[in-house]
Amino acid sequence: SENIRNHQIELRHDNDFLQFTDRYYTTGNFISYRWLLDKKKYKRQNSIFLGQEIYTPSDIEETDISKFDRPYASFLGLNFQHTVTGKDWIFDFIYSFGITGEYSGGEWLQNLFHSAAATDSRIATWEGQINNNFTNNCYFNYFKEWKLSPNPFSIYFAINPSAAIGIKDVYIQNDFAFYFGKRNSILNTSAYNQLGVLQNELFFCFRAGYRYVAHNTMLEGNLIGDSSVFLVEALHNLILINAEIYFRRGRTDIKLFYNYSSSETSITENHLNMTLSLARNF
C-alpha cells in the first residue's frame, strides 16, 4: 500500500538555452495535476494542466518585421486530458482552450527574464506579434506497444499515431519509439505518466516521428481569421526526433528530453531544445 499513489503534481520546463540559441520555440512552462479514476474494465485517469508557450524569430533584437524568419507568438492554454489504458495500448484525449497574443503573457515573461539575467541584457522587441485571439483544440493519441525483452534490462517497441484538429493546430502524426532499461509495464510506467502502483524505474527512449501540418496558428495566425501584421506559411512536412531519459524513485519522477525539429517554414532552420520535468506522486 505504501507504493500506491493516485495523484500527481508535475512541473515541466522547455528551453533552448543549452543550445546557446534563443529562437523559434524558445520557452515552455507547464503545471499539471493528475488523478487516477476508479477502475472499471480499463485503467482510466484524468489530468488538467496550464501551459504557456513562447515563440520568437532568430534575431530578437531586429526591429524590421520584413527581416523576421517567423513572427513573435505566445500561447496560454488550459487543458483537460483523459487517458484509458489497456494491457498493451493507450488511448489519450486532450481538449485545450487558450489565448494567443499579448494577453497570453509571453512578451512580459521573456523580457522579465532577460532584464533580470545578469549575463544577458538583450530585450526582445516583440514587434508585430500575433494578435490576441481565442483558440480551442482537440488532440488524439493512440499508443500500441510490444515487449521485446523483460527486465532487468527490458526493451519495448511502440507506435504512436496522433492527430490534432481545431483552431490552433491541425495535423496528423505517427511516431515510433524504443524504450531500453528498467521499465514497468504500460499500466504502471512513468513513460505514460501512469499512477497507481509505483516501482522504481530508470530507462531511455529514442523516438522518431513524421508530422503532416495542415495549419499552425503560431506561424499562420488564427485559423478562422487573423489580422496580424506578419505571418508566414508553415511547411507541411515535419520531422521530429527525441532522446529521452526517465527516472522514478519512490514518489518522485524525473524526465529529461532532448528534442529535435526540422524546419517549420521555408526560411527557418531546424531547432533543438530540452525538456526538464519534475513530478511528485501522492
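Just so it is clear, the structure is predicted and the values come from calculations on it, not from any experiment.

What counts and what doesn't
Within each chain, residues carry numbers counting from 1 in the order of the written sequence. This being a predicted model, a pLDDT of at least 70 is required before a residue's local features are given, and a value of 80 or more before pairs of side-chain atoms are given or counted; all residues contribute to the totals for chains, interfaces and linings. For side-chain calculations, the full set of non-hydrogen atoms in the structure is used, while hydrogens and water are omitted. Within 6.5 Å between ring centres, the rings of Phe, Tyr and Trp (the latter by its six-membered ring) count as paired, and their orientation is classed by plane angle as stacked under 30 degrees, edge-to-face over 60, tilted in between. We count a stretch as a helix when DSSP gives it H or I for four or more residues in a row; a strand needs E for two or more, and each element gets its number in order from the N terminus. A strand pair is defined by DSSP finding two or more bridges across the two strands. Every angle, taken between N-to-C directions, lies between 0 and 180 degrees, and every axis is a line fitted to C-alpha atoms, over only the stretch in contact when it is a helix. Residue exposure (1.4 Å probe, protein chains only): buried if accessible area is under 20% of the type maximum, exposed if over 50%, otherwise partly exposed.

Remarks on the packing of aromatic side chains
Here comes step 1: Under the defined criterion, the tally for this structure stands at 18 aromatic pairs.
Here comes step 2: Centre to centre, the rings of Phe-157 and Phe-176 are 6.4 Å apart; their planes meet at 15 degrees, and the pair counts as stacked. With Phe-157 in strand E8 (residues 154–166) and Phe-176 in strand E9 (residues 169–182), this pair connects stretches of sequence that are 19 residues apart.
Here comes step 3: Note on Tyr-179 and Phe-203: the rings are 6.0 Å apart at their centroids and 65 degrees apart in plane angle, and the pair reads as edge-to-face. Taken as a pair, Tyr-179 in strand E9 and Phe-203 in strand E11 (residues 201–216) lie far apart in primary sequence, 24 residues in all.

Description of the sheet that holds strand E14 (residues 271–281)
Here comes step 1: Spatially, 12 strands are ordered E2-E3-E4-E5-E6-E7-E8-E9-E11-E12-E13-E14 in a closed barrel, and the strand pairing comes out antiparallel. Looking at each pair of strands side by side, their axes are set apart by 20 degrees on average, direction ignored.
Here comes step 2: Pairing geometry for strand E12 (residues 237–249) and strand E13 (residues 252–261), over 10 bridges, is antiparallel. In the sheet register, Ile-241 faces E13, and the bridge partner there is Tyr-260.

A look at the environment of Asn-137
Here comes step 1: Among the structural elements, Asn-137 can be located in strand E7 (residues 133–149).
Here comes step 2: Residue classification places Asn-137 among the buried residues on the basis of a relative accessible area of 2%.
Here comes step 3: In sequence terms Asn-137 and His-236 are 99 residues apart; their C-alpha atoms lie 19 Å from each other.

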